[in-house]
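# Structure at a glance
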Amino acid sequence: MKVVVIGNGMVGYKFCEKLVAKFEPGTYSLMVFGEEPRPAYDRVHLSEFFSGKSADDLLMAPANWYADNNIILHTGDPVKEINREKKAILSHKGLTVEYDYLVLATGSAAFVPPIPGVDKKGVFLYRTIEDLEMMTAHASKAKRGAVIGGGLLGLEAAKAMIDLGVTDTHVIEFAPRLMPRQIDDSGSKILQSKLETLGLTIFTNKNTSCITGDESITGMQFSDGTSIDVDMLVISAGIKPRDELAKAAGLETGPRGGIVVNEKMQTTDETIFAIGECALFNGMIYGLVAPGYEMADVVVATLSAAEKAFAGFDMSTKLKLIGVDVASFGDPFVPAADCRTVVFEDTMKGVYKRINISTDGKYLLGGVLIGDAAAYNMLLQTTKNKVALPENPEDILLGSRGGDAPQGVGVAGLPADAVICSCEGITKGAICSAVEAGNETFDSIKKCTKAATCCGGCAPMVKDIITYTLKSQGKYIRNVVCEHFNYSRQELYDLIKIKKIKSYDDVLDELGHGDGCEVCKPVVASILASLWNEMILVKGNDTAQDSNDRYLANIQKGGTYSVVPRIPGGEITPEKLIVIGEVAKKYNLYTKVTGGQRIDLFGAHVSDLPAIWEELIAAGFESGHAYGKALRTVKSCVGSTWCRFGLHDSVSFAIQIEERYRGLRAPHKIKSAVSGCIRECAEAQSKDFGIIATERGWNLYVGGNGGSKPQHAILLAADLDSETCIKYIDRFLMFYIKTADPLTRTATWLNKLEGGMDYLRNVVINDSLGINAELEAEMQSLVDNYKCEWKEVVDNPELRKRFNHFVNAPEEKDPSIQFEMMRDQKKAAGW
Amino acid sequence: MSSTTTLTEVHWFFACKTDDVPLNGGVCVKYKEEQIALFHFSRREEWYATQNMCPHKHQMALSRGMIGTQNGEPKVACPFHKKTFSLEDGRCLSDEAECSLKTYPVKIEEDRVYIGFYGGFDKLSLTNI
Ligand code: SRM
Ligand SMILES: Cc1cc2nc3c(=O)[nH]c(=O)nc-3n(C[C@H](O)[C@H](O)[C@H](O)COP(=O)(O)OP(=O)(O)OC[C@H]3O[C@@H](n4cnc5c(N)ncnc54)[C@H](O)[C@@H]3O)c2cc1C
Ligand code: SF4
Ligand code: FES
């Protein structure tokens, strides 16, 4: 069987992958022609090209994959003609190839509306890596940008412009609202105001009449007489199926484009198939990957004489547009008369949720989620599988509000044929059986079923199904650390403490098996440090430390390190500032004030670290533990010593706290702050623990963080005196250290803690577990044991030796390290 | 496979003393203009050598990585983005699409560590012939 594929895009590639998996080698020959210069790449994640992914990172499979699977791939060689009589194709470079079956996977091109001036310099499309490369080259000169089209791709293109530094960007939509095809009116409004707060300017009801400028674009004019100045434009006004080859070969195409196919994806010539974005099924083009993959599957089944038909496809989507969740599922637009609609709207937070429920209240028909799409997977499955809704259907959107456990529909309620991973078409049943067959981790499920390997949107649900299957088999679910330890972090902590083990190797011998790995080593090393607070680089524990801990510094691009001395409370004398300046000058370090009220010196060679620290320590500095899962900074505002509103001396208290907990190692980093009054200039409520002065003492907040998922800390206790405040912090921190999973900040830990804040308050304040005396004693012993680890290295020649780059040329530095200059200082050269 | 004879022409380069290398850890060795990562997997009483450059972002970093095993196979994790590579054959274990590491033989004589280089070729290009 000779198969020729035209088009090496996402769907064309998936067809090859599925064919190779289905047919025995030797039973077919497979040749692929692609117009683009490189093998198929992941167009869905195209925009990640701007956040650092290279063209190679985006490849669907490495170039040698095709040869390894006996596929002949011609890239950069588009097919020019199909000769149906001779059953052969002719390529641009002059190859003639005969086929038994031909698969058209030519995808689509961006639709360019006939606006005068679209051919000017500075006007781009957004579809291929080459488009993105050209945009990048132009963007460095551009200041103001625009995108024609406020649909899904248009908004992605707008985000790309912002990423490229064209922050003054306009989105121009012809319809009265954004994403008119996916979401409803109110949803669009919320999305629009959210995007506007992020800096985009959005025009709706606007029709572009011409693009102005001589050779390059300088502006746009609209049919309502208005105009704007822009020097860069991306057109994203929809897609146009690539059906020109098929049309020329006499195959039937649709009036608005697309190659007409039947339910077996056959065109009007039964030996020629069309799949992906070029195929027109039942009058519809499916502009998403998942239906394209399903079409590829149908063709492979048909070729292997199996019965499989394409039955249309659900167009539900979930995306993150410029950091805003947007999802629509089922039918988002059911008319009010045919359903009951529940809407939740929070204009402050920019959250909008709508679900459409059948009039009898039994089933979910569809809906829209903006701003928070965490419930998407569950709602989609509930819709697709017609799962019966709970008595109060609004609970599935709002959670139960009566104090009982939430009434939602869990993975247990889904039927076995519910499709969980729609990209790969994997059902709940398939995942459950794979788990029952012994694939009990997320990684092994990914490997053996391929679920969650494409867009990854179903990952949380796949994990839930694994846990659910294991539980229903009566297995005790534990968060074990890795293949070398059959314990959770909390269990390991308790065992190491009871057995008083002090080195990584002994822990592995007594409690684990095998030879360890990069997952369990830092976990155990951190437990050892939390328990005994010994110097982390001794007793063979040095190589069990995470690389940053091992060198007591953060590694950076290029392989240099940063130096962050502790500056408690952000208070520093002029003398000490001068020392930092002098050290930075002597060792040629980039110098920056951090977001944590201290100073970071970047770009130090590993072999310079001990000498740099020797000078800093001599001037009275100590390690700031910027490299450790440890206490970072305790920020403070200036407080009552200077501020006219200050109630107490926040700086002194911040210094006292920072010095108490410095060097404390924990499952993740810990940050704190002290504000002198409720104006909160130190941002204490965004910290793992934060303290705010009141008329009568201090309010203590816990469980906050910034970072990727910001969350405010919650009040633990009010109006405390300093001593009680510290006592509560001791207990809180020690309880966290003992019970949290690895790499879990206090906020996430508290969110997962059964009973939540009420439970924590009971433990810390009412001593409900009867462990407070123990927690305080443990903390006190850690405090008493504190030593500056950099001082110990500086004073120890054996340890200093570990900081050379070459073991056999200790005086030489890594010659591959390179810097560039920027604003009179150095910076690391690009990757 | 005509050039298999050159396989035996190993040139042994003296790298360092055994106790210059931390237990269960690595160091970087300078060989001509190249950087080699040398590991002492003391828990298994094994020595390994690979190129020091991580193929992911071309960082000279593997000697500073953590070593361990995956299903019994010794590996090293790059400190930058934790991609892991087999110490036995250099293949990337965490990402099929990633390039492999060059690996080199190591031999110990008393307290001296030697790394083996093939005359004119490296092992990788030989096995590809
Ligand atoms: C230097 C600094 C940025 C700056 O120039 O201001 C910085 C730099 C880094 N941050 Fe940060 N963060 C810095 C303040 C912050 C802040 C702001 C603050 O502390 O007030 C935050 C948000 C607040 C928070 O953490 O709650 C912050 C949230 C993060 C996160 C996300 C944590 C999270 O829970 O989501 C990471 C990643 C991580 O830790 O896993 C991170 C990780 C990093 C690392 C360590 C990334 C790395 O592994 O290489 C950066 C290395 C710096 C270096 O080479 O020395 N950095 N980082 C700031 C150092 C503060 C200091 O004096 O120690
Ligand atoms: C920026 C962006 C973001 C997207 N985000 C999502 C998303 O989040 N979710 C989602 O489901 N979908 C998304 N899509 C859509 C998705 O990428 C497409 O549905 C998918 O790529 C279609 O695959 P295809 O193989 O049919 O077409 P394509 O990937 O376009 O591949 C067709 C290939 O055929 C080649 N070709 C055309 N004619 C010839 C010829 N005569 N000879 C040889 N080769 C030829 C083309 O050059 C092209 O390489 C996004 C698209 C873009 C551009
Ligand atoms: S936000 Fe933090 S981790 Fe991210 S680039 Fe800036 S310093 Fe690095
Ligand atoms: S540079 Fe080594 S994993 Fe990225």
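Residues numbered from 1 in each chain as written. Chains lettered and ligands numbered in written order. Predicted model: local features only at pLDDT ≥ 70, side-chain atom pairs only at ≥ 80, totals over all residues. Heavy atoms only, no water.

An unreviewed UniProt entry annotates chain B as Nitrite reductase small subunit NirD of Pinibacter soli.

The name that an unreviewed UniProt entry assigns to chain A is Nitrite reductase large subunit NirB, with the source organism given as Pinibacter soli. In its Pathway (unreviewed entry) section, UniProt records this for chain A: "Nitrogen metabolism; nitrate reduction (assimilation)." (UniProt positions renumbered as here; feature names shortened; annotations may be inferred.)

### What about the overall build of chain A?
Counting secondary structure elements, chain A contains 26 helices and 38 strands. The 831 residues of chain A split such that 53% are buried. Restricting the contact set of chain A to residue pairs at least 6 apart, pairs at least 24 apart contribute 62%. Surface exposure of chain A reaches about 36600 Å², of which carbon and sulfur atoms provide 50%. (Helix = DSSP H or I, 4+ residues; strand = E, 2+ residues; numbered from the N terminus. Buried < 20%, exposed > 50% of the residue type's maximum accessible area, 1.4 Å probe, protein only. Contact = heavy atoms within 4.5 Å. Areas by Shrake-Rupley, 256 points an atom, 1.4 Å probe, with all protein chains shown as cover.)

### Description of the site of ligand 2
Residue and element names in this part refer to chain A. Near ligand 2 there are 30 residues, and of these Val11, Glu35, Glu36, Arg127 and Glu277 occur at the shortest range. At 2.9 Å from an oxygen atom of ligand 2 is found a main-chain nitrogen or oxygen belonging to valine 11. Arginine 242 is positioned such that a nitrogen or oxygen atom in its side chain is 3.3 Å from a nitrogen atom of ligand 2. Taking 1000 Å² as the accessible area of ligand 2 by itself, protein coverage stands at 94%. (Near = heavy atom within 4 Å. Polar contact = N/O pair within 3.5 Å; in protein donor to acceptor, adjacent residues only side chain to side chain.)

### As for the site of ligand 1
Residues and elements named next belong to chain A. Around ligand 1 sit 21 residues in total, of which Ser562, Thr594, Gly595, Lys669 and Gly706 are the nearest. Glutamine 556 has a polar side-chain atom sitting 3.0 Å from an oxygen atom of ligand 1. The separation between an oxygen atom of ligand 1 and a polar side-chain atom of threonine 594 is 2.7 Å. Counting only elements with at least two residues in the shell around ligand 1, the list comes to strand E31 (599-604) and strand E32 (631-636).

### Looking at the packing of aromatic side chains
By the definition in use, this model includes 25 aromatic pairs over all chains. Arranged with centres 6.2 Å apart and planes meeting at 70 degrees, the rings of phenylalanine 49 of chain A and phenylalanine 50 of chain A form a pair that is edge-to-face. Like phenylalanine 49 of chain A, the residue phenylalanine 50 of chain A is buried in the burial classification. Ring geometry for tyrosine 661 of chain A and phenylalanine 689 of chain A: centres 6.0 Å apart, planes at 80 degrees, overall edge-to-face. Within this pair, whereas tyrosine 661 of chain A is found in helix H20 (residues 650-661), its partner phenylalanine 689 of chain A is found in strand E34 (residues 689-694), the two being separated by 28 residues in sequence. Across this residue pair, the class does not change: tyrosine 661 of chain A and phenylalanine 689 of chain A are buried. Feature note: the residues Tyr551, Tyr561, Trp613, Trp790 and Phe803 of chain A constitute an aromatic cluster, connected by ring pairs. Lying over the aromatic face of phenylalanine 203 of chain A, lysine 206 of chain A brings its terminal NZ or CZ to 5.2 Å of the ring centre. Over the ring of tyrosine 114 of chain B we find lysine 107 of chain B; its NZ or CZ atom is 5.8 Å from the centre of that ring. (Phe/Tyr/Trp six-rings, centres within 6.5 Å; stacked < 30°, edge-to-face > 60°. Lys NZ or Arg CZ within 6 Å of the ring centre and 35° of its normal.)

### Quick word on a negative patch on the surface
Together, Glu798 of chain A together with Asp19, Glu110 and Asp111 of chain B give the surface a local cluster of negative charge. Mapped onto the elements, aspartate 19 of chain B comes out in the loop between strand E1 (10-17) and strand E2 (25-31). (Patch = residues over 30% accessible without salt bridge, like charges linked within 9 Å, V, L, I, M, F, W, Y side chains within 5 Å. Salt bridge = Lys/Arg side-chain N within 4 Å of Asp/Glu carboxyl O. Lys, Arg positive; Asp, Glu negative; His and termini not counted. Charge placed at Lys NZ, Arg CZ, Asp CG, Glu CD.)

### Some remarks on the pairing of E31 of chain A
In the case of a regular strand, side chains alternate between the two sheet surfaces. Residues and elements named next belong to chain A. In terms of burial, E31 is a largely internal element, five of the six residues being buried. Note: strand E29 (residues 561-563) against E31, two bridges, orientation antiparallel. Directly across from valine 563, in E31, lies its bridge partner leucine 601. The hairpin formed by strand E30 (residues 590-593) and E31 contains five residues between the paired strands, and glutamine 597 there has a positive phi angle of roughly 60 degrees. (Pairing = 2+ DSSP bridges.)

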